[in-house]
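Take a look at the letters that make up each chain.
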Amino acid sequence: MGLLERLRKEWFILGIVLVIAAARLEPAVGVKGGPLKPEITITYIAVSAIFFNSGLSLKTEELTSALMHVKLHLFVQIFTLVFFPTAIWLFLQLLSITPINEWLLKGLQTVGCMPPPVSSAVILTKAVGGNEGIVITPLLLLLFLGSSSSVPFTSIFSQLFMTVVVPLIIGQIVRRYIKDWLERKKPPFGTISSCVLLMIIYTTFCDTFANPNIDLDKFSLIIIVFIIFSVQMSFMFLTFLFSTRNNSSFTPADTVAIIFCSTHKSLTLGIPMLKIVFAGYEHLSLISVPLLIYHPAQILLGSLLVPTIKSWMVSRQKALKLTRQPKAPVKV
């Protein structure tokens, strides 16, 4: 794959770097009260647009089919919203005595609470040939982060309802009336959401760079990058072990879905969520940094592991097929 083709494929990751650089050069454009008016255009319009877009693109019939895999759904839900955030919390108790930036550590905890994304987990699962995973409800995430925020939980809940739930429901209602048109035209839903998300990231970092009191040391950043890659590799290995036990009853295709959907985290849901839950925090961008690192890391690791996991799944399926074949009767 050529360099231009690779850049075209990973344009969103490149876009994150560019908008952060743009925010560094001229933060006054995107700060609160600035020309872009992010307190209105981002907090309400942009976030609502992302979830209206998600409502339009969400195929309810596929979700209904996915929910039939009850055991798979339950495993992903428990691992993502119970084991993952709990393990990160215990790990952070040890890291709290280190000189690592405390806001980056808070950001690691928020990563642990995020649900899996529709995009990367499903794309990588399909690339291997496995079953599609399920997007876990962010309710536990909201409860967990709400207790750490200076914003009253009732205010957080009401804003989340108006900017996340309501646009999502409206998008689903609109989809029912224009479903045939959507299937025929196939609008670029993912690209639209990604562009809006880049606007949110840009304004978040404009606030950071406009504040002279915020400083990010390179040591903390390097350590956080190392921790994120280590956590992903460790948890992918753990989910593989859990889902391939003799008494697990998961198929090889189920294991593939579990590996990706249990360990990947949603940037599309996460950044708008942090924008609401940590509204008014001057360190919001530092809290967002681990999630911004986690996103490209999960795509990179996933892409590197796809050939290996695919090879394992094919060989495992062949082995299971051979063991289930009835033995031919012995001729006397």
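Before reading on, note that the structure itself is shown above.
Residues numbered from 1 in each chain as written. Predicted model: local features only at pLDDT ≥ 70, side-chain atom pairs only at ≥ 80, totals over all residues. Heavy atoms only, no water.

## Some details on the overall build of the protein
- Helices and strands together make up the secondary structure of the protein, namely 14 helices and zero strands.
- Reading the protein from its N end, one meets helices and strands in the order α-α-α-α-α-α-α-α-α-α-α-α-α-α.
- The buried share among the 332 residues of the protein stands at 45%.
- For the protein, the share of sequence-separated contacts (at least 6 apart) that also reach a separation of at least 24 residues comes to 84%.
- Looking at the protein as shown, the accessible area adds up to about 17700 Å², and 69% of this sits on carbon and sulfur atoms. (Helix = DSSP H or I, 4+ residues; strand = E, 2+ residues; numbered from the N terminus. Buried < 20%, exposed > 50% of the residue type's maximum accessible area, 1.4 Å probe, protein only. Contact = heavy atoms within 4.5 Å. Areas by Shrake-Rupley, 256 points an atom, 1.4 Å probe, with all protein chains shown as cover.)

## Details of the environment of Val 19
- Residue placement: Val 19 occurs in helix 2 (residues 11-25).
- Taking the C-alpha atoms as reference points, Val 19 and Cys 206, separated by 187 residues in sequence, lie 9.4 Å from one another.
- Setting aside residues no more than four positions away along its own chain, Val 19 makes contact with Leu 198, Ile 201 and Tyr 202.

## Notes on the packing of helix 5 (residues 70-95) against helix 6 (residues 102-113)
- At their nearest, the axes of helix 5 and helix 6 sit 8 Å apart, and the two run at 165° to each other. Classified by the angle between their axes, helix 5 and helix 6 sit roughly antiparallel to one another. For the element pair helix 5 and helix 6, the recorded crossing hand is right-handed. Contact residues: helix 5 offers Thr 80, Leu 81, Phe 84, Pro 85, Ile 88, Trp 89, Leu 92 and Leu 95, while helix 6 offers Leu 105, Leu 108, Gln 109, Gly 112 and Cys 113.
- Residues of the contact of helix 5 with helix 6, tallied by class, amount to 10 nonpolar, three polar and no charged. (Axes fitted to C-alpha atoms, helices over the stretch in contact; angles between N-to-C directions. Parallel < 35°, antiparallel > 145°, perpendicular 65-115°, else oblique. Left-handed = near helix turned anticlockwise from the far one by under 90°. Nonpolar A, V, L, I, M, F, W, Y, C, P; charged D, E, K, R; others polar.)

## Quick look at a nonpolar patch on the surface
- Taken together, Phe 161, Met 162, Val 165, Ile 169, Ile 173 and Tyr 177 make up a surface patch of nonpolar side chains, about 620 Å² in accessible area.
- As for its position among the elements, Val 165 is in helix 9 (residues 153-185). (Patch = residues over 30% accessible without salt bridge, like charges linked within 9 Å, V, L, I, M, F, W, Y side chains within 5 Å. Salt bridge = Lys/Arg side-chain N within 4 Å of Asp/Glu carboxyl O.)

## A short note on helix 5
- A rise of 1.5 Å per residue sets the reference length of helix 5, with its 26 residues, at 38 Å; its end C-alpha atoms lie 36 Å apart and thus fit the reference within 8%.
- The sharpest bend along helix 5 measures roughly 35° and falls at Phe 79.
- Taken as a whole, helix 5 has its buried residues at Leu 72, His 73, Phe 75, Val 76, Phe 79, Thr 80, Leu 81, Phe 84, Pro 85, Ile 88, Leu 92 and Leu 95. (Expected span 1.5 Å × (residues − 1). Bend = angle between axes of the 7 residues up to and from the residue.)

## A word on the packing of aromatic side chains
- Per the stated rule, a full pass over the model turns up 10 aromatic pairs.
- A ring pair is formed by Phe 79 and Phe 84, whose centres lie 6.5 Å apart and whose planes are at 85°; its orientation type is edge-to-face.
- The exposure class assigned to Phe 79 is buried, which follows from its relative accessible area of 4%.
- The exposure class of Phe 84 is buried, given its relative accessible area of 1%.
- Measuring from ring centre to ring centre gives 4.6 Å for Phe 84 and Phe 235, while their planes differ by 90°; the resulting arrangement is edge-to-face. Here Phe 84 is found in helix 5, whereas its partner Phe 235 is found in helix 11 (residues 218-243), with 151 residues between them in sequence.
- Cluster of aromatic residues (ring-pair linked, three or more members): Phe 75, Phe 79, Phe 83, Phe 84, Phe 235 and Phe 250.
- If you follow Lys 265 out to its NZ or CZ, it ends over the ring of Phe 84, 4.0 Å from the centre. (Phe/Tyr/Trp six-rings, centres within 6.5 Å; stacked < 30°, edge-to-face > 60°. Lys NZ or Arg CZ within 6 Å of the ring centre and 35° of its normal.)

## Some details on empty space enclosed by the protein
- Tallying each qualifying case throughout the model produces one cavity of 30 Å³ or more.
- By volume, the largest cavity amounts to about 40 Å³.
- Taken together, Phe 84, Ile 88, Leu 108, Val 111, Ile 228, Val 231 and Tyr 294 make up the full set of residues lining the largest cavity.
- Of all elements in the fold, only helix 5, helix 6 and helix 11 reach the threshold of two or more residues within the lining of the largest cavity.
- Grouping the constituent residues of the lining of the largest cavity by class yields seven nonpolar, no polar and no charged. (1 Å grid on protein atoms, 1.4 Å probe; cavity = no way out; pocket = protein on both sides within 12 Å on 5 of 7 lines; lining within 4 Å. Points joined across faces, edges and corners; volume = space filled by probe spheres on them.)

## Some points on the packing of helix 3 (residues 38-57) against helix 10 (residues 189-209)
- Contact geometry for helix 3 and helix 10: axes closest at 10 Å, N-to-C directions at 160°. Judged on the interaxial angle alone, helix 10 and helix 3 are roughly antiparallel. Crossing handedness for the pair helix 3 and helix 10: left-handed. Listed contacts from helix 10 to Pro 38, Ile 42, Ala 46, Val 47, Ile 50, Asn 53, Leu 56 and Ser 57 of helix 3 are Phe 189, Ile 192, Ser 193, Val 196, Leu 197, Met 199, Ile 200 and Thr 203.
- Broken down by class, the residue content of the contact of helix 3 with helix 10 amounts to 12 nonpolar, four polar and no charged.

## Quick notes on the pattern of salt bridges
- Applying the stated criterion across every chain yields a total of one salt bridge.
- We note a salt bridge from Arg 175 to Glu 183, for which the minimum N-O separation is 3.1 Å.
- Relative accessible area serves as the criterion here: at 29%, Glu 183 is assigned to the partly exposed category.

## So, the environment of Leu 291
- Structurally, Leu 291 can be placed in helix 14 (residues 284-324).
- Of the residues examined, Leu 291 reaches a relative accessible area of 1% and is grouped as buried.
- Each C-alpha atom, one on Leu 291 and one on Lys 265, is 8.0 Å from the other, the two residues being 26 residues apart in sequence.
- In this view, Leu 291 contacts Val 111, Met 114, Lys 265, Ser 266, Leu 267, Gly 270, Ile 271 and Leu 274; residues no more than four positions away in its chain are not counted.

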